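# Survey of secondary and tertiary structure
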Amino acid sequence: MAPAGPRSGDAIFASVERVNAELFTLTYGAIVRQLLTDLEEVEEVNKQLDQMGYNIGVRLVDEFLAKSNVSRCVDFKETAEVIAKVGFKMFLGVTASVTNWDAEGTCCSIVLEDNPLVDFVELPDTCQGLYYCNVLSGVIRGALEMVSMKTEVTWARDMLRGDDAFELQVKLLKQVPEEYPYKDD
Ligand code: MYR
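Summary of the structure given here. (Residues numbered from 1 in each chain as written. Predicted model: local features only at pLDDT ≥ 70, side-chain atom pairs only at ≥ 80, totals over all residues. Heavy atoms only, no water.)

## Observations concerning the overall build of the chain
Heads up, the condition is: Numbering of helices and strands runs from the N terminus; a helix is a DSSP stretch of H or I covering at least four residues, while a strand is a stretch of E covering at least two. Classification of residues uses two cut-offs on accessible area relative to the type maximum, computed with a 1.4 Å probe and protein chains only: under 20% is buried, over 50% is exposed, and between them is partly exposed. The contact criterion used is simple: two residues touch if any of their non-hydrogen atoms lie within 4.5 Å. The method behind every accessible area is Shrake-Rupley, applied with a 1.4 Å probe, and residues are considered shielded solely by the protein chains displayed. His is not counted here, nor are the chain ends, while Lys and Arg score as positive and Asp and Glu score as negative. Charged side chains are reduced to one point each, which is NZ for Lys, CZ for Arg, CG for Asp and CD for Glu.
Within the chain, the regular secondary structure consists of four helices and four strands. When the helices and strands of the chain are listed from N to C terminus, the series reads α-α-α-β-β-α-β-β. By its C-alpha atoms, the chain is 75 × 45 × 30 Å across when sized along the principal axes. Looking at the chain as a whole, 38% of its 185 residues are labelled buried. Pairs at least 24 apart in sequence give 56% of the contacts found in the chain among residues at least 6 apart. About 11700 Å² of surface is accessible on the chain, with carbon and sulfur atoms providing 53% of the total. With 17 positive and 31 negative side-chain charges, the chain shows a spacing of 3 Å between the two charge centroids.

Right, here's the structure in full:
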């Protein structure tokens, strides 16, 4: 093996980032595995992962708004783009694309070609029915709820189920108008 030579700060930073990302991926895998052991039904695991994601999402949105400097979106289309291009990049290190808009502009797909959550993952036959990445749908639902958008987020494609990409369908159910907390007299 060649001796390790001096490395630039950038190279060290990149490798620390890679190790962090791998640790995150492996930790998530360990959580899913534990839930599969603890809960009898795969459906229950899906629910738990979604709930975990929701709880993360409601907290994450503040960090997102503070760090990203994005201004409030004018419509749901812009919100979806912000999630795919800025949110996914910030928290997952990848970007996604937004497609399949319905005529009303209230339902779209977020497509991920690269998904670090599933690096090293292979599901055994006993896990059919599992939505391994369900934490992500929960995160989006939770984060959007904090900015007054009630959504339903479901998986339309999943590479762990043999599809050619990961596709989340995001449907806006209700947009609650934000109330100004003080009364103008
Ligand atoms: C707005 O509509 O005013 C802007 C709201 C943007 C909310 C963005 C939420 C970010 C969620 C990140 C998801 C990351 C998944 C890994």
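Once the structure has been displayed, the description carries forward.
## Topic: the nonpolar core
Quick reminder of the rule: To qualify as a nonpolar core, a set must consist of buried Ala, Val, Leu, Ile, Met, Phe, Trp, Tyr and Cys residues joined through side-chain atoms within 4.5 Å.
Within the largest apolar cluster, 39 residues are counted, with the highest numbers of intra-cluster contacts made by F88, I110 and L136. For this core, the secondary structure elements donating two or more residues are α1 (9-38), α2 (42-68), α3 (76-92), β2 (107-112), α4 (134-146), β3 (149-157) and β4 (166-175). Tallying contributions element by element places α3 first for this core, with six residues. Once residues within four sequence positions are removed from consideration, L136 is found in contact with F88, L92, L112, N115, L117 and W155.

## Some words on the packing of aromatic side chains
What counts, and what does not: Centre distance within 6.5 Å is the pairing criterion for rings of Phe, Tyr and Trp, where only the six-membered ring of Trp is used; planes under 30 degrees apart are then read as stacked, over 60 as edge-to-face, and the remainder as tilted.
This structure, assessed with the given rule, holds four aromatic pairs. Between W155 and F166, the aromatic rings sit 6.0 Å apart at their centres with planes inclined by 75 degrees, giving edge-to-face as the arrangement. In this pair, W155 sits in strand β3 while F166 sits in strand β4, placing the two residues eleven residues apart along the sequence. Look at W155 and you get buried, because its relative accessible area is 11%.

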